[in-house]
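Breakdown of the fold
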Amino acid sequence: MRIQPAPPEVHDEFYDAAGRFWLPVARSVDVPIGGRLASRLLGEDLVVWRDYHGQVTVLDNLCLHRGTMLSDGEVTGSGNLACPYHGWEYGSDGACVRIPQLPPETKIPSKARVGAHPVREQNGLIWTRLASSGEAEADVPPCPNFGEAAWTFHVGTPSDWHCQATRMVENFLDVAHFGYIHADTFGNPDVSSVVPTSVRTSPDMLHIDAKVPYLARDPWGKPPEGQDFAVVDVEYDYHYDVPFTAWIRGVTKGDEYILFVSAAPRTVAETTVFWAFGVPDSLQVSADEIERRENAVFSPDRFIVEGQRPEWLPLDLAAELHMRFDSIGLNLRRSLNHHGFPVVSLLRA
Ligand code: FES
Ligand SMILES: [Fe+2]
């Protein structure tokens, strides 16, 4: 079996489809007042910066003068972003507002402007939408319970995965692998059949909901006499927002938590995974502990996903085999196809 490279026009189709949605580019905490940061989304280099009023701006990360990265510059006292090379300053609409080499009162050419992108700040993340025209396909995906008084969320350290964002998010919604690759955390090796119930796709094919009952391993519980590990009944609610966002609500014995992920494609084959983990205030878990636990869960997922081929998630449903327990992923593939993501055939016998 040979895998063909995806032709360049398919990359553009992927970027065009994804660009109509709000996608995350940074954590809010990583862009403090007066701070700036380089990001990459859908093959475009971006600079994200925050002025002294707290307003965040997302611009193309390329000074018009000589192609310097604006993210190496500084936020000035007046809240503009200054290029590090010759000090040209850009405002939040992308217009160049100061060229220090010109005599005062000289008009700045209207061509001196870099691309500016809309910004939302939600769920502890900064989101943008790269399509230059048309309406957003959907709002920024909400994270349940985020910002509520009785809940504490830790917005996790983003990580870069060598995979297509579609593969990452489908893995997050895959329920059949728990006992195989997560047996050292929550996966119960004695339960090989996990089947989602009431899988529903919304009529606009933007959201999928499902329930997944599971007898999980409880890695922090004391094993009963004669058993190797403790188990706990969990009711998982799964939710997916086209194209790359999903969350799980896990409810056990009155406790619950939310794990939210949004996979941002840096390119068609490189992804930054943003995530947040929330628990009710009554459950006290430190940020360090959350990072440690979630890294232990994400690591084997990442290992598997980075090795999947083709890197492009096959939206041609005949390309891979689907079983009843794959129904969330199957619906995800249909939804992506419906929203303009390309069907690419890359396998050749
Ligand atoms: S390259 Fe940016 S000011 Fe010259
Ligand atoms: Fe997993």
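Our subject is the structure listed above.
Anyway, here's the lowdown on the structure attached to this text. (Residues numbered from 1 in each chain as written. Chains lettered and ligands numbered in written order. Predicted model: local features only at pLDDT ≥ 70, side-chain atom pairs only at ≥ 80, totals over all residues. Heavy atoms only, no water.)

Description of the coordination of the iron ion (ligand 2)
Only His177 (NE2), His182 (NE2), Asp301 (OD) and Asp301 (OD) from the protein reach the iron ion (ligand 2) as donors, at distances of 2.1 to 2.6 Å. Of note is the iron ion (ligand 2), whose 4 donor atoms meet at the metal with angles of 55 to 153° in an arrangement that counts as irregular. For the iron ion (ligand 2), the single-chain donor residues occur in sequence as H-x4-H-x118-D. Taken together, the residues His182 in the loop between helix H3 (178-181) and strand E15 (197-201) and Asp301 in helix H4 (residues 287-307) connect sequence positions 119 residues apart. (Donors = N, O, S within 2.8 Å, 3.2 Å for Na, K, Ca; no water. Tetrahedral: all angles 85-135°; square planar, octahedral: opposite > 155°, others 65-115°. Helix = DSSP H or I, 4+ residues; strand = E, 2+ residues; numbered from the N terminus.)

Re the sheet that holds strand E10 (residues 116-117)
Ordered by their spatial adjacency, 4 strands build an open sheet running E3-E4-E5-E10, and the pairing between neighbours is antiparallel. Each having just a single partner strand, strand E3 (36-41) and E10 make up the two edges of the open sheet. With 2 bridges connecting them, strand E5 (residues 56-60) and E10 associate as antiparallel partners. Each bridged residue has a counterpart across the sheet, and for Leu59 the counterpart in E10 is Ala116. (Pairing = 2+ DSSP bridges.)

A closer look at a negative patch on the surface
On the surface, Glu9, Asp12, Glu13 and Asp16 cluster together into a negatively charged patch. Secondary-structure assignment places Asp12 in helix H1 (residues 8-19). Asp12 gets classed as partly exposed once you look at its relative accessible area, which sits at 46%. (Patch = residues over 30% accessible without salt bridge, like charges linked within 9 Å, V, L, I, M, F, W, Y side chains within 5 Å. Areas by Shrake-Rupley, 256 points an atom, 1.4 Å probe, with all protein chains shown as cover. Salt bridge = Lys/Arg side-chain N within 4 Å of Asp/Glu carboxyl O. Lys, Arg positive; Asp, Glu negative; His and termini not counted. Charge placed at Lys NZ, Arg CZ, Asp CG, Glu CD. Buried < 20%, exposed > 50% of the residue type's maximum accessible area, 1.4 Å probe, protein only.)

Observations concerning the sheet that holds strand E7 (residues 81-82)
Judged by pairing direction, the sheet is antiparallel, and its 4 strands sit side by side in the order E6-E7-E8-E9 without closing on themselves. Every interior strand has two partners, whereas the edge strands, strand E6 (74-75) and strand E9 (96-98), have only one. Where E6 lies against E7, 2 bridges are found, and the strand directions are antiparallel. Within the sheet, the bridge partner assigned to Glu74 lies in E7 and is Ala82.

Quick look at the packing of aromatic side chains
Counted according to the given criterion, the structure contains 15 aromatic pairs. When the ring of Tyr236 is compared with that of Tyr238, the centres are 6.1 Å apart and the planes differ by 75°; the resulting orientation is edge-to-face. Overall, Tyr236 belongs to the buried group, its relative accessible area being 5%. Judged by relative accessible area, which is 2%, Tyr238 ranks as buried. Pairwise contacts between aromatic rings join Phe14, Tyr15, Phe244, Trp312 and Phe341 into one cluster. Arg293 extends its terminal NZ or CZ atom over the ring of Trp220, reaching a point 3.8 Å from the ring centre. (Phe/Tyr/Trp six-rings, centres within 6.5 Å; stacked < 30°, edge-to-face > 60°. Lys NZ or Arg CZ within 6 Å of the ring centre and 35° of its normal.)

So, unusual backbone geometry
Following Val242, the chain continues into Pro243 via a peptide bond in cis, with omega recorded as 5°. Inspection of the secondary structure puts Pro243 in the loop between strand E17 (230-241) and strand E18 (245-252). A cis amide bond, omega -5°, links Arg309 with the succeeding residue Pro310. Tracing the chain through its elements places Pro310 in the loop between H4 and helix H5 (327-338).

Some words on a nonpolar patch on the surface
A contiguous nonpolar surface patch, about 310 Å² in accessible area, is contributed by Met1, Ile3 and Leu347. Along the polypeptide, Ile3 turns up in strand E1 (residues 2-3).

Examining the packing of helix H2 (residues 165-172) against H4
One way to put it is that H2 packs onto H4 with a least axis distance of 10 Å and a crossing angle of 135°. As far as their axial angle goes, H4 and H2 are oblique. The way H2 lies across H4 gives a crossing that is right-handed. Seen from H2, the contacting residues are Arg167, Met168 and Asn171; seen from H4, they are Phe298, Asp301 and Val305. Split into classes, the residues belonging to the contact of H2 with H4 amount to 3 nonpolar, 1 polar and 2 charged. (Axes fitted to C-alpha atoms, helices over the stretch in contact; angles between N-to-C directions. Parallel < 35°, antiparallel > 145°, perpendicular 65-115°, else oblique. Left-handed = near helix turned anticlockwise from the far one by under 90°. Contact = heavy atoms within 4.5 Å. Nonpolar A, V, L, I, M, F, W, Y, C, P; charged D, E, K, R; others polar.)

Focus: the nonpolar core
Judged by nonpolar contacts, the single largest core of 82 residues is most densely connected at Leu173, Tyr236, Tyr238, Tyr240 and Phe341. Residues lining this core come from more than one domain, with at least three contributed by each of domain 1 (31-128) and domain 2 (151-348). Setting aside its immediate chain neighbours within four residues, Leu173 contacts Tyr238, His239, Tyr240, Ala246, Ile328 and Leu332. Counting residues in hydrophobic clusters, the runner-up holds 14 residues, among them Leu70, Val75, Cys83 and Val114. (Core = buried A, V, L, I, M, F, W, Y, C linked by side-chain atoms within 4.5 Å. Domains from an automatic or database assignment.)

Concerning the side chain of Arg129
Of note, Arg129 is situated in the loop between strand E12 (125-128) and strand E13 (151-155). The side chain of Arg129 sits in the buried core without any salt bridge; Glu135 is the nearest counter-charge, 6.4 Å away. A distance of 3.2 Å separates a polar atom in the side chain of Arg129 from the backbone oxygen of Gly134. (Polar contact = N/O pair within 3.5 Å; in protein donor to acceptor, adjacent residues only side chain to side chain.)

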